[in-house]
Amino acid sequence: MGSSQSALGTSIKKAVVGDKDLYALPGNPLYAIKDVKLYNLSIPVKPAAVTYPKTAQQVAAIIKCAVDAGLKVQARCGGHSYANYCLGGVNGAVVIDMKHFQKFSMDNETFRAIAGAGSLLGDLTKRMHNAGGRAMAHGTCPQVGLGGHATIGGLGPSSRLWGTALDHIEEIEIVLADSSIKRASATQNPDIFWAVKGAGASFGVVTEFVLRTEKEAGEAVHFSYSFTVGTYASMAVIFKAWQKFVSNRKLTRKFASEAIITAVGLIISGTYFGSKKEYDALEMDDKFPGHQKGKTIVFRDWLGLVAHWGEEIGLLLGGGLSAPLYTKSMTFNGCDLIPDNVIDTLFSYLDTVEKGTLIWFIIFDLAGGAVNDIAQGATAYAHRDALFYLQSYAVGVGKVPDKTKEFLRGVNSLLVKGTPGGDQFGAYAGYVDPELPNGPLAYWRTNLPRLEQIKSIVDPSDVFHNPQGVKPLAKAWKSAESLISSLTPSEDSCLTLWAIQYSTVLSRRYHPSGAHVVFRTSGVEAAIGFGASVLGIAGAGISVATTLIRFSVSYKCSTQKIEDPSSQVSLTATILTTVGNTIDSHQDYFKEDNFREKFGRVIERCKNDYEILEAAVQKAKGEVEKTESERWERKMTSWKKLFWALSSEKQMKGLQSSLEVSKTQVLMMQSAASLIVLQIIGRRREDENIDLAELKQKMGLLLRALRTAHYSGQKY
Ligand SMILES: Cc1cc2nc3c(=O)[nH]c(=O)nc-3n(C[C@H](O)[C@H](O)[C@H](O)COP(=O)(O)OP(=O)(O)OC[C@H]3O[C@@H](n4cnc5c(N)ncnc54)[C@H](O)[C@@H]3O)c2cc1C
């Protein structure tokens with residue numbers, strides 16, 4: 001044992017008050033088998049220590065030991081990360097295994113459950129069932145851990161009904177990089193709460209979840225249709241029928257399904273949450289004719305149904321068993337389906353390509369429904385537009401052959417290239433694809449900039465690290481800053497816009513030196529003609545924002561709640577201004593796209609929001625001045641005054657969400673506008689040292705999001 005290793009051992013021993021059962025070091029006998037326990041044997045990772053704390057205070061003390069030793073930290077719950085990210089994903093991390101965090105209780109009035117972050121899904125299901133027949137959405141493998149699942153997504157058969165696992169989180173306890181123990185919810189440390197709902201591993205160690213629960217589903221029908229005879233090419237027609245069926249916008253949320261391609265053929269299976277009679281009315285036999293084996297099982301008990309899902313996934317993926325694995329993933333949205341000719345090509349490819357192993361799966365999981373009721377930016381989880389997810393998975397003997405990797409890479413590349421927008425859909429972080437060229441962007445898409453900003457504040461040294469985690473902003477920040485200074489406004493206004501959006505608008509609230517950059521970018525904005533007059537509404541927005549801020553400050557309680565709408569308003573206004581400028585300075589490019597007209601609708605919406613807010617602020621101010629009674633002053637926070645003026649909190653919330661929609665739409669507009677210009681000037685700047693390729697990729701993502709936003713009224 002080296003001296004630094006021994007120093008780490010000594011400090012960790014102290015952190016767990018000398019209990020030698022609560023930590024293990026590389027020199028320990030059976031360290032690899034008993035403590036490290038690789039899930040994916042193809043990624044041999046050796047942590048510096050594996051710890052088993054019993055309290056949040058011990059978690060905090062262990063984090064401090066790692067930070068003092070300059071080491072990275074990752075929590076482990078179920079240990080089911082495809083790329084061993086719970087072990088750090090690379091050598092030398094300190095692992096915090098959460099197995100002792102098994103607390104469970106249920107509030108019988110609110111039906112909110114408190115669950116320790118070391119709970120496995122199988123145990124959680126039973127605990128919720130025993131506490132009054134309650135349940136929540138989650139995946140099918142009982143050995144997967146709540147800690148890693150609910151902080152990354154958590155998709156399962158009940159997701160179309162109830163959302164993802166993380167949509168059930170109401171509050172958490174988390175230990176941060178500075179060893180502070182914090183509670184986070186929509187109202188307490190909301191940024192941390194937002195980030196943990198989709199990217200938890202990069203932000204801390206969650207020790208406890210407070211979860212909203214559902215009443216267990218009643219009768220349910222499990223179905224499966226197998227196609228095992230003939231070529232894969234002959235099965236393409238069935239996959240097309242499945243895609244057509246699941247993409248029907250009127251498809252009931254009671255219907256969950258997956259299409260699984262394996263070495264023996266194609267299986268269409270799923271669960272219908274309703275009676276057998278209702279299921280029969282779907283006439284599934286007619287939808288998927290020619291199957292060799294069709295099977296339905298009716299479940300009337302929730303535990304039986306969940307156990308059945310567990311058995312199925314156990315048979316398919318081996319449940320909790322370690323093996324040499326190779327995994328890939330991708331998402332598909334409901335606007336751009338896989339074209340029929342691409343499905344034909346895929347299935348013919350399966351007939352001819354060498355696979356190198358018999359154990360491989362390509363699974364298409366239907367999602368949508370309640371998952372997509374939540375706005376894209378409402379949680380860090382960024383696939384609210386996805387209709388189904390692909391995960392492909394191969395197991396090797398000893399190691400995964402290169403041929404197998406080539407085979408699965410081929411599947412993805414065929415689908416990415418063949419599906420409109422396929423290169424923009426991204427991938428679900430729960431189905432880790434370690435080979436993705438830009439993992440964080442694929443996993444968190446349009447939410448990545450905000451995640452990077454929060455990371456810069458709460459974990460600037462990247463203590464909670466894995467190879468595809470969210471990184472602090474420092475690098476991105478520097479490049480945005482140098483980008484700004486390198487631009488000449490007249491020729492590069494679109495890049496300037498992007499830089500402003502990236503470094504200023506989104507960073508203003510989070511980055512410590514935000515003010516400095518705001519000042520600098522304001523200069524740039526002025527240079528390109530900070531003309532709120534282009535769109536008078538932007539000016540109105542800014543003045544509403546200013547009034548709101550003054551209002552909250554002048555009445556002493558500058559509550560977070562007032563700052564939120566005011567920053568929304570000023571954000572929207574700033575972006576409106578920049579879009580207006582772009583359009584006006586590149587009139588020719590936008591003529592064909594009828595951009596002005598489309599933009600008009602967004603402006604109308606913003607105008608409406610601004611007017612309501614302006615009126616409310618004036619009314620609240622008037623009342624404060626009129627009734628300057630001390631009692632009223634003391635009793636009413638500025639927030640209360642404002643929503644009193646708006647009649648109700650409901651109306652205030654409605655306004656806030658309307659502002660959120662406007663802001664998103666305006667951001668999309670800006671991106672679309674910028675993309676058009678970028679494409680033109682990009683040709684000229686390709687050989688210069690600005691990373692245009694990355695910019696274009698980000699712009700492209702946003703543009704696709706605009707299309708999705710266009711369809712946002714239509715749920716899948
Ligand atoms: C057999 C199998 C079946 C699966 N089925 C599904 C499915 O049906 N639906 C689905 O959505 N996904 C599924 N997954 C993916 C699974 O949800 C993710 O791999 C998930 O991250 C695993 O969580 P874990 O706690 O078991 O893993 P771990 O390996 O322990 O953790 C995974 C990541 O989460 C972090 N983490 C763990 N605990 C905490 C914590 N307390 N605080 C902060 N970060 C933490 C770790 O540091 C690591 O980066 C499946 C995976 C496997 C292997």
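In this convention, every chain numbers its residues from 1, walking through the sequence in written order. For a predicted model such as this one, the threshold for reporting local features is a pLDDT of at least 70, and the threshold for listing and counting side-chain atom pairs is 80 or more; totals across whole chains, interfaces and linings nevertheless cover every residue. Note: side-chain values were computed over all heavy atoms of the structure, leaving out hydrogens and water.

**Q** Please explain the site of the ligand as it appears in this structure.
**A** Any residue with a heavy atom positioned within 4 Å of a molecule or strand is treated as near that molecule or strand. In the vicinity of the ligand, 34 residues are found, and the nearest of them are Ala-75, Cys-77, His-149, Leu-155 and Tyr-428. Between His-80 and the ligand, the recorded distance is 3.1 Å, taken from a backbone N or O atom to an oxygen atom. Under this definition, polar contacts are N or O atom pairs within 3.5 Å; protein pairs additionally need one hydrogen-donor-capable and one acceptor-capable atom, and for neighbouring residues in sequence, both atoms have to be side-chain atoms. Residue Gly-148 places a main-chain N or O atom 3.0 Å away from an oxygen atom belonging to the ligand. Against a free-state accessible area of 960 Å², the protein chains account for coverage of 98% of the ligand. Numbering goes from the N terminus for both helices and strands, where a helix is a DSSP run of H or I of at least four residues and a strand is a run of E of at least two. Within the residue set of the shell around the ligand, elements represented by two or more residues are β3 (73-76), α5 (146-149) and β10 (205-212). The residue classification treats Ala, Val, Leu, Ile, Met, Phe, Trp, Tyr, Cys and Pro as nonpolar and Asp, Glu, Lys and Arg as charged. All others, Gly included, are polar. Residue composition of the shell around the ligand, by class: 17 nonpolar, 16 polar and 1 charged. Here the Shrake-Rupley method, with its probe set to 1.4 Å, supplies the accessible areas, and only the displayed protein chains count as covering residues.

**Q** Teacher, can you tell me more about the pattern of salt bridges here?
**A** Close approach of charged atoms allows side chains with opposite charge to pair. The term salt bridge refers to a side-chain nitrogen of Lys or Arg lying within 4 Å of a carboxyl oxygen of Asp or Glu. Taken as a whole and judged by the stated rule, the model has 23 salt bridges. For Asp-97, the salt bridge goes to Arg-76, with nearest N and O atoms at 2.8 Å. In this pair, Asp-97 is assigned in strand β4 (residues 94-97) and Arg-76 in strand β3, connecting sequence segments 21 residues apart. The buried label applies to any residue whose accessible area, calculated with a 1.4 Å probe on protein chains only, is under 20% of its type's maximum; exposed applies above 50%, and partly exposed to all values in between. Residue Asp-97 is classed as buried on the basis of its relative accessible area of 4%.

**Q** How should I be thinking about the nonpolar core in this particular structure?
**A** As a rule of thumb, nonpolar side chains are buried together in soluble globular proteins. By nonpolar core we mean a set of buried residues, namely Ala, Val, Leu, Ile, Met, Phe, Trp, Tyr and Cys, connected to one another through side-chain atoms within 4.5 Å. Formed by 96 residues in total, the largest nonpolar core has its most connected members in Ile-172, Phe-203, Phe-209 and Leu-451. When residues of this core are assigned to their parent elements, the largest contribution, 7 residues, is made by helix α3 (residues 56-68). Here a residue-residue contact requires only that any non-hydrogen atoms of the pair lie within 4.5 Å. Dropping the residues within four chain positions of it, Phe-209 is found in contact with Ala-113, Ile-114, Ala-115, Ala-117, Leu-146, Gly-147, Ala-150, Thr-151, Ile-169, Glu-171 and Ile-172. Phe-227, Ile-268, Tyr-326 and Ile-338 belong to the second-largest nonpolar core, a separate cluster that totals 49 residues.

**Q** What should I look at first to understand the packing of aromatic side chains in this one?
**A** When we look at a pair of aromatic rings, we describe it by the centre distance and by the angle of the planes. Side-chain rings of Phe, Tyr and Trp, where Trp is taken by its six-membered ring, are said to pair if the distance between their centres is within 6.5 Å; with planes under 30 degrees apart they count as stacked, over 60 as edge-to-face, and otherwise as tilted. Inspection of the entire model under this criterion finds 27 aromatic pairs. Considering the side-chain rings of Phe-364 and Phe-388, the 6.1 Å spacing of their centres and the 75° angle between planes classify their relative orientation as edge-to-face. Of the two residues, Phe-364 is situated in strand β17 (residues 360-366) and Phe-388 in strand β18 (residues 386-395); the sequence distance between them amounts to 24 residues. The exposure classification of Phe-364 matches that of Phe-388, with both residues buried. Just above the ring of Phe-407 sits the side chain of Lys-355; from NZ or CZ to the centre is 5.9 Å. The criterion is that NZ of a Lys, or CZ of an Arg, lies within 6 Å of the ring centre and within 35 degrees of the ring normal, and then a charge sits over that ring.

**Q** Got a minute to help me understand the packing of helix α7 (residues 190-199) against helix α15 (residues 448-458) in this structure?
**A** When two helices pack together, their arrangement is given by the angle between their axes and by how far apart the axes lie. For helices, the axis comes from a line fit to the C-alpha atoms of the stretch in contact; other axes are also lines fit to C-alpha atoms, and the angle between any two N-to-C directions lies between 0 and 180 degrees. Interhelical geometry of α7 versus α15 gives an angle of 120° and a closest axis separation of 10 Å. When the interaxial angle is binned, α7 and α15 end up oblique. The hand of the α7/α15 crossing is left-handed. Facing Asp-191, Ile-192, Trp-194, Ala-195 and Ala-199 of α7, the residues of α15 in contact are Arg-450, Leu-451, Ile-454 and Val-458. When its residues are assigned to classes, the contact of α7 with α15 shows 7 nonpolar, no polar and 2 charged. These descriptions rest on fixed angle ranges, namely under 35 degrees for roughly parallel, over 145 for roughly antiparallel, 65 to 115 for roughly perpendicular, and the rest for oblique. Crossing handedness: left-handed means the near helix sits turned counterclockwise from the far one by under a right angle, and right-handed means the same turn made clockwise.

**Q** I keep staring at the environment of Leu-38 and nothing clicks. Help me out?
**A** Relative to the helices and strands, Leu-38 resides in the loop between α2 (31-36) and β2 (49-51). The buried category is assigned to Leu-38, whose relative accessible area is 18%.

**Q** Would you mind going over the sheet that holds strand β9 (residues 181-185) with me for this structure?
**A** Two strands in a sheet stick together by hydrogen bonds in their backbones, pointing the same way (parallel) or opposite ways (antiparallel). The criterion for strand pairing is that DSSP finds at least two bridges linking the strands in question. Spatially, β5-β6-β10-β8-β9 is the arrangement adopted by the 5 strands of the open sheet, whose pairing is antiparallel. Only two strands of the sheet have a single neighbouring strand rather than two, namely β5 (104-106) and β9. Between one strand axis and the next, the sheet turns through 15° on average, direction left out of account. Contacts from α3 reach β8 (169-175), β9 and β10 within the one sheet, and its direction differs from that of β8 by about 50°.

**Q** How should I be thinking about the packing of helix α12 (residues 340-352) against helix α13 (residues 402-418) in this particular structure?
**A** Two elements in contact, α12 and α13, have axes separated by 10 Å at closest approach and are oriented at 170°. With respect to α13, the element α12 is oriented roughly antiparallel. Contacts from Val-342, Thr-345, Leu-346, Tyr-349 and Leu-350 in α12 reach Glu-406, Phe-407, Gly-410, Val-411, Leu-414, Leu-415 and Gly-418 in α13. For the contact of α12 with α13, the class distribution of residues is 8 nonpolar, 3 polar and 1 charged.

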